[in-house]
2 protein chains.
Amino acid sequence: MDQRTQTAAILAIGDELISGQCVDTNSAFLARRLAERGIRTTYHETVGDDGSAIVDALVRTAGLADVVIVSGGLGPTADDRTRHALAKALGVELELDASYREHLEAFFRQRGRPLSEANRIQMMLPAGAIPLANRMGTACGMSARLARADVFCLPGVPHEMRTMFDEQVLPRLTAGESVIVHRAVHTFGCAESDVGAALSDLMTNSGPVQVGTTVSAGVISVRITAQGEAPEQTRGLVDQTADEVRQRLGSAVFGQDEDTLAAVVGRQLLERDQTLSTAESCTGGLIGKMLTDLSGSSAYYRGGVIAYANDVKVSHLAVPEELLAEHGAVSAPVAVAMAEGARQRMVSDWAVSTTGIAGPTGGTAAKPVGLVFVGLAGPNGTDVAERRLVGSREIVRLRASRAALNALRLAMRDVRT
Amino acid sequence: MDQRTQTAAILAIGDELISGQCVDTNSAFLARRLAERGIRTTYHETVGDDGSAIVDALVRTAGLADVVIVSGGLGPTADDRTRHALAKALGVELELDASYREHLEAFFRQRGRPLSEANRIQMMLPAGAIPLANRMGTACGMSARLARADVFCLPGVPHEMRTMFDEQVLPRLTAGESVIVHRAVHTFGCAESDVGAALSDLMTNSGPVQVGTTVSAGVISVRITAQGEAPEQTRGLVDQTADEVRQRLGSAVFGQDEDTLAAVVGRQLLERDQTLSTAESCTGGLIGKMLTDLSGSSAYYRGGVIAYANDVKVSHLAVPEELLAEHGAVSAPVAVAMAEGARQRMVSDWAVSTTGIAGPTGGTAAKPVGLVFVGLAGPNGTDVAERRLVGSREIVRLRASRAALNALRLAMRDVRT
């Protein structure tokens, strides 16, 4: 790694984090923002509202990185220990900061609320520390030099922390002399080991480009990262690797970065000026929900039937009763009939259907938990696929919904209008 | 803190976490589960896919706590470094584990997929480490004694990690001698400040019981925590406070702990042997999804119509065209007609409906983003409520869905059969 690359450590403070009652989203935000400035985060740490643990963590992280960003522990209550810990780590006392006192008095005056006794501690800073203004709340941030690091302490409330980071910390950071570029290429329907085998030479990470994979309910994402001094060249390296990944993984690739299967399918439908409806049994509305998560989906999504009870499959999707009696609701012929019924009755170009055993109960030897049939009716006929999915009820339903959207994506890719 | 209280450190591994591309939810899950066993987490740390950083972190955390739980870095690809790092920290080599090899071969055979060369690394464990079986995927977990700690390495994929923790790690942990008891009492439809005012004397946290509130899309949860050596007594203190909270907040309280509005409504329907159908426009299937998240929901949920396009409201829910022309799709009369149409056509005792402007676009001065009508048709007639919801598209849809379920909950509470 380049000697001039700046590194950062992120320190999150709070009993609600350490006990798991809240999930820490601040650290991920900070790491992304730092990366945009070419500063590479190498370390996250979380400690509770415990003064000596915070002092230890400050001293340790300040020896590990050029920049330490601390969030949390700056509130007005007795369990907020960050300012005291920073003073102790610096070997100085807390002092009243006159400029921040004025700011705080104005903040309360403006809101017509009295400044409480508890808020007075928020005017105290370690001697020599620089106050960081907070437009969004009462907790003053602070910055100081400790060991080899510039330390910035921010409040834990996410919207206060984010505003203060952008307004007060970013302008004080020395931009790294290098930039970091991330890209994610998303695939559906592969095994992680197959993706790994196809990309093994790219994943040795011996060169300037790092390649890794992450998995989430059937989606394997290939994450590509490069760091370099020249922004254009670094972006070029990442683009080139992403192109190579796309080429090797072929039609399994459905998008990149913020793309979801529902968004990609929506774009395809818009381009072709076609419409979609849904017929859901085991997914119970999840496919409709995923499609309508997107603003503008009314341009191509007509609606759907959640046919949870068998007689609703008959009454609302025209599934023949004989088919249900002969094959059972979880069967390929019923998935076909559901998709065709939705396509016809909702008057859409395409329709997807799901019927399966989401579990954890309801499975049999012949039809185990995880067995799902995915139907797709379109201008050229109807297809059905049998999937045997592994995981919790939530995962089976999510994978089945994604499998239905992916089948539609591939069909539109193949059948050019 | 009691000397006999066991402590834990949690170590999350992955470039996608350290760079902020993914938010770590595993560590919060683990801390909560450990607390249920009376084991107090004192430290979370995150490092990237960097072998020597993982070794350092393992050695450091194993000196800090009685239990170290590691998640991530056990996949089949070259960026998965946890097994190598654990071997190095232990000063041993990796060895083929014959029992795990059999498990992995069976896993692939069952799915009719070949075992790839890449998966072979997943059969390797540090010499002397104990394999932890993974029913949900290919990554074997492992456990070993390092310094003063029992170290457990789990995969990073959340559902695999959770299942393995519950099945393989929990039975191997020594329970702490003091217990931590958490309880959450959930309300819907109150303002947080009103809940705070009603409970202010309980929230001073001067006694052994801690009370706080958290907010999520209309649900205000009152969180009650106590720690003590005597399990019965500690649980009694928490129960007593929970009873007091329920009494003060009255019908706004819908459940506790793992309860969701959908689960509570489902129990009410089961008790009365009644059924429900849904007619969703702006929520696009989300209510159906929430109802069918629960195994067994087919006993009371008949299904629904996602009537996203206006003509689907007419064709599938018998909403009169004149009503749409006169009042527009987002109106009280249309919400009423949708609920009545669903109740009649799906032959259910109850039906809920939603129609609104989820945003971020599509709002007008007369019908702004966030305006939602929620209909409820039941044995005694139909009600409709107008809500003006604040937040992102996701939040508006979630709040509208919860408002519909809450209306049904209150109606079933009032109308005893």
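Below or above, wherever it landed, is the structure these notes cover.

Conventions and cut-offs
Residues numbered from 1 in each chain as written. Chains lettered and ligands numbered in written order. Predicted model: local features only at pLDDT ≥ 70, side-chain atom pairs only at ≥ 80, totals over all residues. Heavy atoms only, no water. Helix = DSSP H or I, 4+ residues; strand = E, 2+ residues; numbered from the N terminus. Rg over C-alpha atoms; globule rule 2.2 N^0.38 Å. Buried < 20%, exposed > 50% of the residue type's maximum accessible area, 1.4 Å probe, protein only. Contact = heavy atoms within 4.5 Å. Areas by Shrake-Rupley, 256 points an atom, 1.4 Å probe, with all protein chains shown as cover. Lys, Arg positive; Asp, Glu negative; His and termini not counted. Charge placed at Lys NZ, Arg CZ, Asp CG, Glu CD. Pairing = 2+ DSSP bridges. Axes fitted to C-alpha atoms, helices over the stretch in contact; angles between N-to-C directions. Expected span 1.5 Å × (residues − 1). Salt bridge = Lys/Arg side-chain N within 4 Å of Asp/Glu carboxyl O. Left-handed = near helix turned anticlockwise from the far one by under 90°. Nonpolar A, V, L, I, M, F, W, Y, C, P; charged D, E, K, R; others polar. Phe/Tyr/Trp six-rings, centres within 6.5 Å; stacked < 30°, edge-to-face > 60°. Patch = residues over 30% accessible without salt bridge, like charges linked within 9 Å, V, L, I, M, F, W, Y side chains within 5 Å. Buried area = accessible area lost by both parts, 1.4 Å probe. Polar contact = N/O pair within 3.5 Å; in protein donor to acceptor, adjacent residues only side chain to side chain.

**Focus on the overall build of chain A**
Alright, step 1. Looking only at helices and strands, chain A features 14 helices and 17 strands.
Alright, step 2. For chain A, the C-alpha radius of gyration of 27 Å lies well beyond 22 Å, the compact-globule estimate for 417 residues.
Alright, step 3. Each principal axis of the C-alpha distribution contributes one length, and for chain A these read about 85 × 50 × 45 Å.
Alright, step 4. In chain A, buried positions account for 56% of the 417 residues.
Alright, step 5. Sequence separation of at least 24 residues holds for 68% of the intrachain contacts in chain A that already meet a minimum separation of 6.
Alright, step 6. Carbon and sulfur atoms make up 49% of the accessible area of chain A, which totals about 16,700 Å².
Alright, step 7. In chain A, 41 side chains carry a positive charge and 48 a negative one; their mean positions are 2 Å apart.

**Let's talk about the sheet that holds strand 10 (residues 209-216) of chain B**
Residues and elements named next belong to chain B.
Alright, step 1. Across the sheet, which stays open at both edges, the four strands sit in the order 10-11-9-12 with antiparallel pairing between neighbours. At either margin of the open sheet sits one strand with a lone partner, and together these are strand 10 and strand 12 (253-256). The average undirected angle you get between the axes of adjacent strands in this sheet is 25°.
Alright, step 2. The pairing of strand 9 (residues 179-188) with strand 11 (residues 219-228) spans 10 bridges and is antiparallel.

**Describing unusual backbone geometry**
Alright, step 1. Put simply, Gly359(A) and Pro360(A) share a cis peptide bond, and its omega is 0°.
Alright, step 2. Of note, Pro360(A) is situated in the loop between strand 15 (350-356) and strand 16 (371-378).
Alright, step 3. In this structure, Asp273(A) takes a positive phi of about 55° despite not being glycine.
Alright, step 4. Note on placement: Asp273(A) falls in the loop between helix 9 (261-272) and strand 13 (276-280).
Alright, step 5. What makes Asp273(A) exposed here is its relative accessible area of 68%.
Alright, step 6. Within the chain, Ala318(B) stands out as a residue other than glycine whose phi angle is a positive 60°.

**Examining helix 13 (residues 332-345) of chain A**
Residue and element names in this part refer to chain A.
Alright, step 1. Under the 1.5 Å per step criterion, the end-to-end length of helix 13 is 20 Å for 14 residues, consistent within 8% with the ideal 20 Å.
Alright, step 2. Regarding helix 13, the residues found buried are Val334, Ala335, Ala337, Met338, Ala339, Gly341 and Ala342.
Alright, step 3. Buried residues belonging to helix 13 abut strand 13, helix 11 (310-317), helix 12 (321-327), strand 15, strand 16 and strand 17 (381-388).
Alright, step 4. Positive backbone phi, at 55°, marks Val347, one or two positions downstream of helix 13.

**Examining the sheet that holds strand 14 (residues 301-307) of chain A**
Alright, step 1. The strand order across the open sheet formed by 10 strands is 17(A)-16(A)-15(A)-13(A)-14(A)-14(B)-13(B)-15(B)-16(B)-17(B), and the pairing between neighbours is mixed. Only two strands of the sheet have a single neighbouring strand rather than two, namely strand 17 of chain A together with strand 17 (381-388) of chain B. Each neighbouring strand pair of the sheet contributes to a mean axis angle of 10°, computed without reference to strand direction.
Alright, step 2. Along the sheet, helix 11 (residues 310-317) of chain B contacts strand 14 of chain A together with strand 13 (276-280) and strand 14 (301-307) of chain B; its crossing angle with strand 14 of chain B, the most-contacted strand, is approximately 145°.

**What about the pattern of salt bridges?**
Alright, step 1. What the rule picks out here adds up to 33 salt bridges over all chains.
Alright, step 2. One salt-bridge network, held together by shared partners, links Arg183(A), Asp239(A) and Asp257(A).

**Comments concerning the packing of helix 9 of chain A against helix 14 (residues 393-414) of chain A**
Residue and element names in this part refer to chain A.
Alright, step 1. Between helix 9 and helix 14, the shortest axis-to-axis distance is 9 Å and the interhelical angle comes to 35°. For the crossing formed where helix 9 meets helix 14, the hand is left-handed. Touching Leu261, Ala262, Val264, Val265, Gln268, Leu269 and Arg272 of helix 9 are Arg402, Leu405, Asn406, Leu408, Arg409, Met412 and Arg413, all from helix 14.
Alright, step 2. Class assignment for the residues of the contact of helix 9 with helix 14 results in eight nonpolar, two polar and four charged.

**Structural notes on the packing of aromatic side chains**
Alright, step 1. What the rule picks out here adds up to six aromatic pairs over all chains.
Alright, step 2. Between Tyr301(A) and Tyr308(B) the ring centres are 5.7 Å apart and the planes differ by 50°, which places this aromatic pair in the tilted class. A residue pair is termed interchain when its members come from two chains, as with Tyr301(A) in strand 14 and Tyr308(B) in the loop between strand 14 and helix 11. For the residue pair Tyr301(A) and Tyr308(B), the accessibility class agrees, reading buried in each case.

**Let's talk about the environment of Leu58(B)**
Alright, step 1. Its location among the elements puts Leu58(B) in helix 3 (residues 51-62).
Alright, step 2. In contact with Leu58(B), not counting residues within four places along its chain, are Leu11(B), Val70(B), Ala85(B), Leu86(B), Ala89(B), Leu146(B) and Val151(B).

**A few points about a negative patch on the surface**
Residues and elements named next belong to chain A.
Alright, step 1. On the surface, a cluster of negative charge is made up of Asp15, Glu16, Asp50, Asp56 and Asp79.
Alright, step 2. Relative to the elements of secondary structure, Asp15 occurs in helix 1 (residues 15-18).
Alright, step 3. Asp15 sits in the partly exposed class, given a relative accessible area of 40%.

**What to know about the interface of chain A and chain B**
Alright, step 1. Counting from both sides, the interface comprises 71 residues of chain A and, opposite them, 70 residues of chain B.
Alright, step 2. When chain A packs against chain B, close to 5,300 Å² is buried across both sides, 56% of that on carbon and sulfur atoms.
Alright, step 3. Broken down residue by residue, the surface that chain A buries against chain B is led by Arg302(A), Ile306(A) and Tyr308(A), which jointly contribute 11%.
Alright, step 4. With its nearest N and O atoms 2.4 Å apart, the salt bridge here joins Arg302(B) to Asp311(A).
Alright, step 5. Inspection of the chain A/chain B interface yields 39 residue pairs in polar contact (both at pLDDT 80 or more).
Alright, step 6. Here the side of chain A that touches chain B is composed, by residue class, of 25 nonpolar, 32 polar and 14 charged.
Alright, step 7. As defined by bridge partners, strand 2 (residues 40-47) of chain A adjoins strand 2 (residues 40-47) of chain B across three bridges and the pair is classed as antiparallel. Bridge assignment links Thr46(A) to a residue of strand 2 of chain B, and that residue is His44(B).

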